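# Geometric and topological summary
What follows is the residue order along each chain.
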Amino acid sequence: MRPTVNLVLISVVMLLSAATGQVSAQGNFYEGKNIRIIVGLAAGGGYDVYARMIARHMGKHILGNPAISVENMTGAGSLVAANYLYKVAKPDGLVISHFIGGLFLQQLLGKPGIEFDALKFEFIGVPLQDSFVMGVAKSTGITDAEKWIASKQVVKFGGIATGTGSDDVPNILKATIGLPLQVVSGYKGTADIRLAFNSGEGSGVSIAWESAKSTWRREVENGDMKIVLQGNTKSHPELTNIPVSINFAKTDEAKTLMQTVLQAHGPTVRPFVLPPRTPKDRVQILRKAFTATLKDPELLAEAKKANLDFNPTDGATLEQNVKNTFKLEPSLVAKLKDILK
């Protein structure tokens, strides 16, 4: 009996050693590696600023402490970066993309040029949920949203592309509540829109308040940009004196259309995403590291100095929110196609 018992013990030890070795190998995968975060918009804008801040802290929350670098891959309102992640990037857990989540809705609406299937991506999380605002130049003389609508004074808004909050939010407000504006698309990011705004090339911008109060801080503080309307379904705690767009909607259909677009540019608008077929263990490693990073005291201290907010959503919640986008009724899809074309 003793030889048999010894053989069993030896087998158990070997199996445990093999399992431990596999866990160790998986856990140390990131040691000596470099993770690339590809930002789909220009340097200096809100997406870029958040990505670089997260990159500075996230490596220490991953076993192996990999380096994390940020690259900008601009084009078509971050569509180039989204397509690259889906078609070109290796699914090895070393490439993350940060593009505009409004593209998920645009896939449903049949936007030309989309070469990805959003439901096949792997989702890491969202650092914050945007609260869009309509900002107009002081030179327009506009200080009140209700009077602006009544005056029918058309304001030229700088835009990036369909699928971005700079375009979709003002366009849905134009269609549902008659906000008099014209969106001029083609800018590479909000940093470029800011340059155009300051040079007089444009007079309006639709931008997340979370970004505006940091990257447009000078324009906001000196009054060159006046926030006249919140493009939201509820008021932001810091903007209680600014009216909320949903309250201007006069029909249930207008409210439904507005809510659909505003939600697409809120909970899912700033996704950190991995390519399809990324190994599940690496997805989980990065999800946990992302969540831990956004609770990191050093990151939060840096964010406070930069006047940046964090209101995160984890990867599982982001994944479910994206799936919900694709449950819209066909009649609603058809109307949004016409509005956001």
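Relevant structure appears above.
Below is a summary of the structure that appears in this document.

## Notes on the overall build of the protein
- When you go through the protein residue by residue, the secondary structure sums to 14 helices and 11 strands.
- Projecting the C-alpha coordinates of the protein onto the three principal axes gives extents of approximately 95 × 45 × 35 Å.
- Within the protein, contacts between residues separated by at least 24 positions form 78% of all contacts whose residues are at least 6 apart in sequence.
- Charge separation in the protein, taken as the distance between the mean sites of 38 positive and 30 negative side-chain charges, equals 2 Å.

## Notes on the sheet that holds strand 10 (residues 272-274)
- Pairing within the open sheet is mixed, and its 6 strands lie in the order 2-1-3-10-4-11. A single partner strand is all that each edge strand has here, and the edge strands are strand 2 (67-72) and strand 11 (313-314).
- Sheet topology note: the strand 1 (residues 34-39)/strand 2 ladder contains 6 bridges and is parallel. Within the sheet, the bridge partner assigned to Ile38 lies in strand 2 and is Glu71.
- On top of the sheet, helix 3 (residues 79-87) reaches strand 1, strand 3 (95-98) and strand 10; it is set at about 155° to strand 3, its chief contact.
- Where helix 11 (residues 280-293) meets the sheet, it contacts strand 1, strand 3, strand 4 (122-126), strand 10 and strand 11, and its direction lies at approximately 0° from that of strand 4.

## Some words on the pattern of salt bridges
- Following the criterion strictly, the structure yields 16 salt bridges and no others.
- The salt bridge partner of Glu221 is Arg217, with a shortest N-O separation of 3.1 Å. Residue Glu221 and its partner Arg217 are located together in helix 9 (residues 217-221), separated by 4 residues, close to a single helical turn.
- Overall, the relative accessible area of 60% leaves Glu221 in the exposed class.
- The partner of Lys323 in a salt bridge is Glu319, with the nearest N and O atoms 3.7 Å apart. Placement of the pair is Lys323 and Glu319 together in helix 13 (residues 315-325), with a separation of 4 residues, close to one helical turn.
- Since its relative accessible area comes to 36%, Lys323 is described here as partly exposed.
- Judged by its relative accessible area of 25%, Glu319 falls in the partly exposed class.
- The network of salt bridges with shared partners includes Lys60, Asp296 and Glu298.

## Brief notes about the pairing of strand 1
- With helix 2 (residues 46-58) bridging strand 1 and its parallel neighbour strand 2, the resulting β-α-β unit is right-handed.
- Bridge count for strand 1 against strand 3 is 4 bridges, and the pairing is parallel. Bridge pairing links Arg36 to Val95 in strand 3.

## Re the nonpolar core
- Counting residues in each nonpolar core, the largest one holds 50 residues, and the members touching the most others are Ile37 and Leu286.
- It is helix 2 that provides the largest number of residues to this core, a total of 7 residues.
- Apart from the residues within four sequence positions on either side, Leu286 is in contact with Tyr30, Ile35, Met58, Ile62, Gly93, Ile96, Ile124 and Leu274.
- Membership of the second largest hydrophobic core comes to 32 residues, among which are Leu109, Val228, Met258 and Leu332.

Criteria and cut-off values
- Residues numbered from 1 in each chain as written.
- Predicted model: local features only at pLDDT ≥ 70, side-chain atom pairs only at ≥ 80, totals over all residues.
- Heavy atoms only, no water.
- Helix = DSSP H or I, 4+ residues; strand = E, 2+ residues; numbered from the N terminus.
- Contact = heavy atoms within 4.5 Å.
- Lys, Arg positive; Asp, Glu negative; His and termini not counted.
- Charge placed at Lys NZ, Arg CZ, Asp CG, Glu CD.
- Pairing = 2+ DSSP bridges.
- Axes fitted to C-alpha atoms, helices over the stretch in contact; angles between N-to-C directions.
- Salt bridge = Lys/Arg side-chain N within 4 Å of Asp/Glu carboxyl O.
- Buried < 20%, exposed > 50% of the residue type's maximum accessible area, 1.4 Å probe, protein only.
- Right-handed = clockwise from strand over helix to strand, strands pointing away.
- Core = buried A, V, L, I, M, F, W, Y, C linked by side-chain atoms within 4.5 Å.

Just geometry here; none of it tells us what the structure is for.
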